[in-house]
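Coordinate analysis (summary)
Listed here are the chains, written in short residue letters.
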Amino acid sequence: MFAAERRQLILEMVRANGAVSLRELARVVQTSEVTVRRDVRALEAEGLLDRRHGGAVLPGGFTRESGFPQKSHLATAEKTAIADLAAGLVEEGEAIVVGAGTTTQELARRLARVPGLTVVTNSLLVAQALAHANRVEVVMTGGTLRGSNYALVGSGAEQSLQGLRVSRAFLSGSGLTAERGLSTSNMLSASVDRALVQAAAEVVVLADHTKLGTDTMFQTVPTDLITRLVTDEPPAHDDRAVTELQALADQGVQIAVAGQSGGAAGADPVPAGRQPRRDMPLPGPRRGQVPGAGPQLRSATVLGEQSPGERARVADLRRR
């Protein structure tokens, strides 16, 4: 296939889906991701699409948000690894809140194996993933259905969360930076996510490397309220993501890095429902966190608290 033909096909895929990963583009046009990345860069120079780490999207800036079908094709392997690792943070009998998103949907599928769990959510997809789990109780918020991501939003959703208190919240979003924290492109979704955060003693953000360093319109969780970030290891060429990870760690966010095999980089994978390692203490309670609320958990490599071997791995990433 000639370059012009490849680029026309790439453009048609992005226009049809809104967002497509480099891996999927390379599979369809039957070439390498390096070649596809070069094609995407050329199309971006013409103003026909926007590059994102790991994929390409329709041009649009801060106000554009991809729907669920488009998001579900981006960074799928990374989201699976993140969900595998995050599920190991949840213990039997715990009460948690889980926000809307494709990554949190993957997490919910794994939480179905954790007995005695109570999950509060505004996501129809999360509820559906847990619908047939015999030992998991699902509590849904009220609100108005937002069809693009199958989530309940609005005043009804926010009011139903008032007075709620759980051990931790698992949230995703459209972008994550050390300066602003977690953000999303929709005002109604951001407002509900803030209400979910207020209900939790700890906040765990699930974000693959394509979201690191990306800033979108509405802030949902400021950095100083994020207890832990579960992410995947950035590619060697992604200096922005590595720099953002270090900046988040410098601000006290614990960074758990998952491998695409489902385990943590530098640590053994933790099966869902089992208690993670406790070999390193968590820092003291962050602003908005109730002291002593929830178990003090540990599941993966944490930047800022590494062993010598772990520090060497992070240093190698930064050199790349």
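These lines cover the structure that appears in this document, whether it is placed above or below. (Residues numbered from 1 in each chain as written. Predicted model: local features only at pLDDT ≥ 70, side-chain atom pairs only at ≥ 80, totals over all residues. Heavy atoms only, no water.)

As for the pairing of strand β11 (residues 181-184)
As judged from the 3 bridges shared by strand β10 (residues 175-177) and β11, these two strands associate in the antiparallel manner. If you follow G175 over to β11, its bridge partner there is S183. The turn linking β10 back onto β11 is made up of 3 residues. (Pairing = 2+ DSSP bridges. Helix = DSSP H or I, 4+ residues; strand = E, 2+ residues; numbered from the N terminus.)

Concerning unusual backbone geometry
Within the chain, Q30 stands out as a residue other than glycine whose phi angle is a positive 60°. Structurally, Q30 is set in the loop between α2 (22-29) and α3 (33-45). Overall, the relative accessible area of 75% leaves Q30 in the exposed class. In this model, Y150 sits at a positive phi of 55°, which is unusual for a non-glycine residue. Residue position: Y150 is located in the loop between β7 (144-146) and β8 (151-153). (Buried < 20%, exposed > 50% of the residue type's maximum accessible area, 1.4 Å probe, protein only.)

Remarks on the sheet that holds strand β4 (residues 95-98)
Here we have 7 strands laid out as an open sheet, ordered β6-β5-β4-β9-β12-β14-β15, and parallel in their pairing. The sheet terminates laterally at β6 (136-140) and β15 (254-258), the two strands that pair on one side only. The mean angle between the axes of side-by-side strands here comes to 20°, regardless of whether they run parallel or antiparallel. Pairing of strand β14 (residues 228-232) with β15, which is carried by 5 bridges, proceeds in the parallel orientation. In the strand pairing of β15, R228 is matched with Q254. (Axes fitted to C-alpha atoms, helices over the stretch in contact; angles between N-to-C directions.)

What to know about the environment of R52
Mapped onto the fold, R52 is located in strand β2 (residues 50-52). R52 sits in the partly exposed class, given a relative accessible area of 34%. Separated by 33 residues in the primary sequence, R52 and A19 place their C-alpha atoms 9.2 Å from one another.

Examining the sheet that holds β11
Taken in spatial order, the 3 strands of this open sheet run β10-β11-β13, and their pairing is antiparallel. The outermost strands of the open sheet, each flanked by one partner alone, are β10 and β13 (218-221). The mean angle between the axes of side-by-side strands here comes to 40°, regardless of whether they run parallel or antiparallel. Inspection of the sheet shows β11 paired to β13 by 3 bridges, in the antiparallel sense. Bridge pairing in β13 places L182 opposite V221. Those strands touched by helix α9 (residues 187-198) are β11 and β13, and its axis lies near 20° from that of β13. (Contact = heavy atoms within 4.5 Å.)

Notes on α9
The terminal C-alpha atoms of α9 lie 17 Å apart, and with 12 residues this matches the ideal 16 Å at 1.5 Å per residue to within 8%. Looking at α9, one finds that the buried residues are S189, A190, S191, V192, D193, A195, L196 and V197. Near the N-terminus of α9, the side chain that reaches the backbone nitrogen of L188, with its oxygen 3.0 Å away, is that of N186. (Expected span 1.5 Å × (residues − 1). Polar contact = N/O pair within 3.5 Å; in protein donor to acceptor, adjacent residues only side chain to side chain.)

Considering the packing of helix α5 (residues 76-87) against helix α6 (residues 102-111)
Axis separation between α5 and α6 bottoms out at 8 Å; the angle between their running directions is 50°. When the axis of α5 is compared with that of α6, the two are oblique. α5 and α6 meet at a crossing whose hand is right-handed. Listed contacts from α6 to K79, T80, I82, A83, D84, A86 and A87 of α5 are T102, T103, E106, L107, R110 and L111. (Parallel < 35°, antiparallel > 145°, perpendicular 65-115°, else oblique. Left-handed = near helix turned anticlockwise from the far one by under 90°.)

Structural notes on the nonpolar core
Inside soluble globular proteins, nonpolar side chains tend to come together where they are buried. Ranked by size, the top nonpolar core spans 31 residues in total, and within it L176, V205, V221, L229, L248 and I255 carry the most contacts. Elements that contribute at least two residues to this core include exactly β9 (166-171), α9, β12 (200-206), α10 (239-250) and β15. Within the second largest apolar cluster, 26 residues are counted, among which are V90, V119, L130 and L206. (Core = buried A, V, L, I, M, F, W, Y, C linked by side-chain atoms within 4.5 Å.)

Comments concerning the packing of α2 against α3
Helices that pack against each other are described as a pair by the angle of their axes relative to one another and the distance between those axes. Viewed as axis vectors pointing N to C, α2 and α3 meet at an angle of 105°, and their least axial separation amounts to 9 Å. Of the possible angle classes, the one that applies to α2 and α3 is roughly perpendicular. Where α2 abuts α3, its residues L22, R23, L25, A26 and V29 lie against E33, V36, R37 and V40.

Considering the environment of R168
Note that R168 resides in strand β9. Of the residues examined, R168 reaches a relative accessible area of 1% and is grouped as buried. Engagement of the side chain of R168 in a polar contact is seen with the side chain of E94, the distance being 2.6 Å.

So, the pairing of β15
Burial runs high along β15: 5 of the 5 residues are buried. What you see with β15 is no split at all: Q254, A256 and A258 on one side and I255 and V257 on the other are buried throughout. The handedness of the β14 to β15 crossover, carried by α10, is right-handed. (Right-handed = clockwise from strand over helix to strand, strands pointing away.)

Focus on the side chain of S172
Among the secondary structure elements, S172 is positioned in the loop between β9 and β10. A relative accessible area of 6% places S172 in the buried class. At a separation of 3.1 Å, a polar atom in the side chain of S172 contacts the main-chain carbonyl oxygen of L206. A distance of 3.0 Å separates polar atoms of two side chains, one belonging to S172 and the other to K211. When residues no more than four places from it in sequence are discounted, the contact partners of S172 are A100, T103, T104, L182, D193, L206 and K211.

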